[in-house]
Amino acid sequence: MHTRIAIIGAGFGGLGAAIRLKQRGHEDFVVFERAGDLGGTWRENSYPGCACDVPSQVYSFSFALNPEWTSTYSPQAEIWAYLRACADRFGVRAAIRFRTEVHQAGWDASESHWRISTSRGEWTADVLIAAGGPLNEPVMPKLPGLETFSGEAFHSARWNHAAETKGRRVAVIGTGASAVQIVPAIQPEAGHVTLFQRTPAWVMPRGERPLRPWERWVYRNVPGAQRLVRTLVYWQIEATVIAFLRPAVMRLAERAARANLRKHVRDPHLRAKLTPDYRMGCKRVLKSDDYYPALARGNVDVVTEPISEIRPHGVVTRDGTEHPADVIVFGTGFRVTDLPIAERIRGRDGRSLAEHWQGSPQALRGTTVTGFPNLFLLLGPNTGLGHTSVVLMIESQLKYVLGALRALRHTRTLEPRPEAQARFVAAVDERMARTVWATGCRSWYIDATGRNSTLWPGSTWGYRLKVRRFDRSSYT
Ligand code: NAP
């Protein structure tokens, strides 16, 4: 079968693409989604406490503000419901092919189109939009003996809802954005929680509060009210990017984070364990009001000794101690800089994105790649953020893609000139070198070659300006 535009993934990116295409009068597009439902990361992550750590006002499409958010930080179930409601409201659900996994997509130069093999048949498409999302392939560390564990062990993004944590001994491995939400959610009812920390995180207060019924009434009924609040929230968060771009400024924020730790953790020994020794922001800054209070409770231990093996009834650390556990939760993150989808997309020369990239993803404006005509990556290389909502980046990219589609009315194919891509990547690298992300820490932003190929080293409006117009001269 043939379609004008094929989209991979029905999460925020793919759904946004489908809606924008439809709004611009495109009808001939298909969304391939390997799961049985839409929602991407917000469908997949259902762990206890799962919520967005970016304020709800900026964590939605700009063209579909949601007056019904119940909190200043939306819980996962609401975001997922929002995405499903958007699919229905904008009439794109019918374009989604569920349970259809893309195995391969290769550019056919003789026909000037993409050949796409899916789990449900073969397709061709003139344009391919890859919106698989950067955070969808869980990493489970290869710990010796894991297969001998007699209880339940699972990754945060594959939460086993049949596994009871109430009254049981739970081992949580990792202290990233996922674990920091899981621990306070399970601590009150768990028998005991042992948190295995490799690197302490910087944690800032979140200041979450419920949105009151009258606020929701105002958002629903007063024209422009919610947009105004969104704009204020947007600029308030956007201003914080300065600290990420100027590491010296970040010292001020570190003081606030240390005060937050002092306020909630009285025990000096525990406090020492939880104090980071790297510049704040180098790894993702966590926002939580209940993480530190949970760690200070009597039924929680923070273990900093490295894990050496798993035994049938517990987790063993290098000092020989066995920490008994009935359940092990891996909050150990995702494959980001070596995305599996990069092995499945093959360009003009038959080589995959992964082969082109050699461990370090690169793209012009994070969206198009030399050697891959008519391919657009949503949240591609160097479009991630450390300070605000990636939905803003997705929407900027979609504007750019729509511009490219207009240009494609006059030509069959578009591909970035190698020198344009190289110039863009060099400029990104140069800016990156001065940011907090280059101050030396281990983080999932850094790829196998030591480059930060994940984040955008600037503001979201700076990126928006860069992609506001499709720059035809950068393309052959
Ligand atoms: P993550 O940030 O990659 O954290 C993984 C954690 O596991 C780190 O603490 C890491 O330690 C630890 N770890 C990994 N391998 C380990 C091993 N072999 N032994 C011991 N510890 C190990 O993963 P995540 O928490 O799932 O978050 C990933 C990203 O998802 C976030 O940064 C964020 O962008 C997104 N996210 C967003 C939200 C939201 O509210 N919007 C919520 C959750 C996640 P090291 O630090 O030492 O590497």
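On to unusual backbone geometry. Phi angles above zero are rare outside glycine, and Ser112 is one such case at about 55 degrees. Topologically, Ser112 is positioned in the loop between strand S4 (102–108) and strand S5 (113–118). Even without glycine at this site, Arg365 takes up a positive phi of about 55 degrees. By the secondary structure assignment, Arg365 is in the loop between helix H12 (353–357) and strand S18 (375–377).

A word on the state of the cysteines. What the rule picks out here adds up to 1 disulfide. Each disulfide pairs two cysteine sulfurs, and for Cys282 the partner residue is Cys441, the sulfurs being separated by 2.1 Å. Between Cys282 and Cys441, the S-S torsion sits near -95 degrees, and that sign places the bridge as left-handed. Of this pair, Cys282 sits in the loop between helix H9 (268–273) and strand S11 (286–287) while Cys441 is found in the loop between helix H14 (418–432) and helix H15 (460–467), placing the two residues 159 residues apart along the sequence. For Cys282, a relative accessible area of 1% puts it in the buried group. Residue classification places Cys441 among the partly exposed residues on the basis of a relative accessible area of 22%. Take Cys50: it sits in no disulfide, and the sulfur closest to it among the cysteines is that of Cys52, at 8.8 Å. In this structure Cys52 comes out as buried when scored by relative accessible area, which is 3%.

Let us now look at the sheet that holds strand S16 (residues 327–330). Ordered in space as S7-S16-S8-S9-S12, the 5 strands form an open sheet in which the pairing is parallel. Two strands bound the open sheet, and with one partner strand each, they are strand S7 (152–155) and strand S12 (300–303). When strand polarity is set aside, the average angle formed by the axes of neighbouring strands in this sheet is 15 degrees. Of the strand pairs in this sheet, strand S9 (residues 192–196) and S12 are connected by 4 bridges, and their pairing is parallel.

Bringing the packing of helix H13 (residues 390–407) against H15 into the picture now. Helix-helix packing is described using two parameters, namely the angle between the two axes and the distance between the axes. The N-to-C vectors of H13 and H15 enclose an angle of 10 degrees; their axes lie 9 Å apart at closest approach. Looking at the two axes, H13 sits roughly parallel to H15. Contacts between H13 and H15 involve Leu392, Met393, Glu395, Ser396, Gln397, Lys399 and Tyr400 from the first element and Thr460, Tyr463, Arg464 and Val467 from the second. Across the contact of H13 with H15, the residue classes break down as 5 nonpolar, 3 polar and 3 charged.

Here we come to the site of the ligand. Of all residues adjacent to the ligand, which total 23 residues, the nearest are Ala51, Asp53, Ser178, Thr199 and Lys283. For the ligand, an oxygen atom lies 2.8 Å from a polar atom in the backbone of Ala51. Side-chain polar atom of Thr199 to an oxygen atom of the ligand: 2.4 Å apart, as the coordinates give it. Counted by class, the shell around the ligand contains 9 nonpolar, 9 polar and 5 charged residues. The residue makeup of the shell around the ligand includes at least three contributed by each of domain 1 (2–137 + 335–474) and domain 2 (146–207 + 230–330).

So, about the sheet that holds strand S15 (residues 322–324). Read across the sheet, 3 strands follow the order S13-S14-S15 without closing on themselves; strand pairing throughout is antiparallel. A strand with exactly one partner marks an edge of an open sheet, and here the two such strands are strand S13 (307–311) and S15. With direction set aside, neighbouring strand axes in the sheet form an average angle of 25 degrees. In the sheet, S13 pairs with strand S14 (residues 314–317) via 4 bridges, with the strands oriented antiparallel. Across the sheet, Arg311 pairs through a bridge with Gly314, a residue of S14.

Going through the model one piece at a time under the given rule, you end up with 20 aromatic pairs. Taken together through their ring pairs, the aromatic side chains of Phe12, Trp42, Tyr59, Phe61, Phe63, Trp69, Tyr82 and Phe90 make up a single cluster. Over the aromatic face of Trp80 sits the side chain of Arg84, whose NZ or CZ is 4.1 Å from the ring centroid. Over the aromatic face of Tyr73 sits the side chain of Arg206, whose NZ or CZ is 4.5 Å from the ring centroid.

Here we take up the packing of helix H1 (residues 12–23) against H13. Between H1 and H13, the least distance of the axes is 10 Å, while the angle of their chain directions is 40 degrees. Looking at the two axes, H1 sits oblique to H13. As for how H1 packs across H13, the hand of that crossing is right-handed. Residues Phe12, Gly13, Gly16, Ala17, Arg20 and Leu21 of H1 form the contact with H13, whose participating residues are Val391, Ile394, Glu395, Leu398, Leu402 and Leu405. A breakdown of the residues in the contact of H1 with H13 according to their chemical character gives 8 nonpolar, 2 polar and 2 charged.

The subject of this paragraph is the domain arrangement of the protein. Each assigned domain of the protein is listed here: domain 1 (2–137 + 335–474) and domain 2 (146–207 + 230–330). On a C-alpha basis, the centroid separation for the pair domain 1 and domain 2 is 29 Å. With 42 residues of domain 1 at the interface, the matching set in domain 2 holds 36 residues. Buried surface at the junction of domain 1 and domain 2, summed over both partners, amounts to about 3400 Å²; 55% is from carbon and sulfur atoms. Looking at the side of domain 1 facing domain 2, the largest losses of area belong to Tyr47, Asp53 and Val436, adding up to 19% of the total buried there. Taken together, the links from domain 1 to domain 2 amount to 2 salt bridges.

The rules behind each value
Residues numbered from 1 in each chain as written. Predicted model: local features only at pLDDT ≥ 70, side-chain atom pairs only at ≥ 80, totals over all residues. Heavy atoms only, no water. Helix = DSSP H or I, 4+ residues; strand = E, 2+ residues; numbered from the N terminus. Disulfide = S-S within 2.5 Å. Buried < 20%, exposed > 50% of the residue type's maximum accessible area, 1.4 Å probe, protein only. Pairing = 2+ DSSP bridges. Axes fitted to C-alpha atoms, helices over the stretch in contact; angles between N-to-C directions. Parallel < 35°, antiparallel > 145°, perpendicular 65-115°, else oblique. Contact = heavy atoms within 4.5 Å. Nonpolar A, V, L, I, M, F, W, Y, C, P; charged D, E, K, R; others polar. Near = heavy atom within 4 Å. Polar contact = N/O pair within 3.5 Å; in protein donor to acceptor, adjacent residues only side chain to side chain. Domains from an automatic or database assignment. Phe/Tyr/Trp six-rings, centres within 6.5 Å; stacked < 30°, edge-to-face > 60°. Lys NZ or Arg CZ within 6 Å of the ring centre and 35° of its normal. Left-handed = near helix turned anticlockwise from the far one by under 90°. Buried area = accessible area lost by both parts, 1.4 Å probe. Salt bridge = Lys/Arg side-chain N within 4 Å of Asp/Glu carboxyl O.

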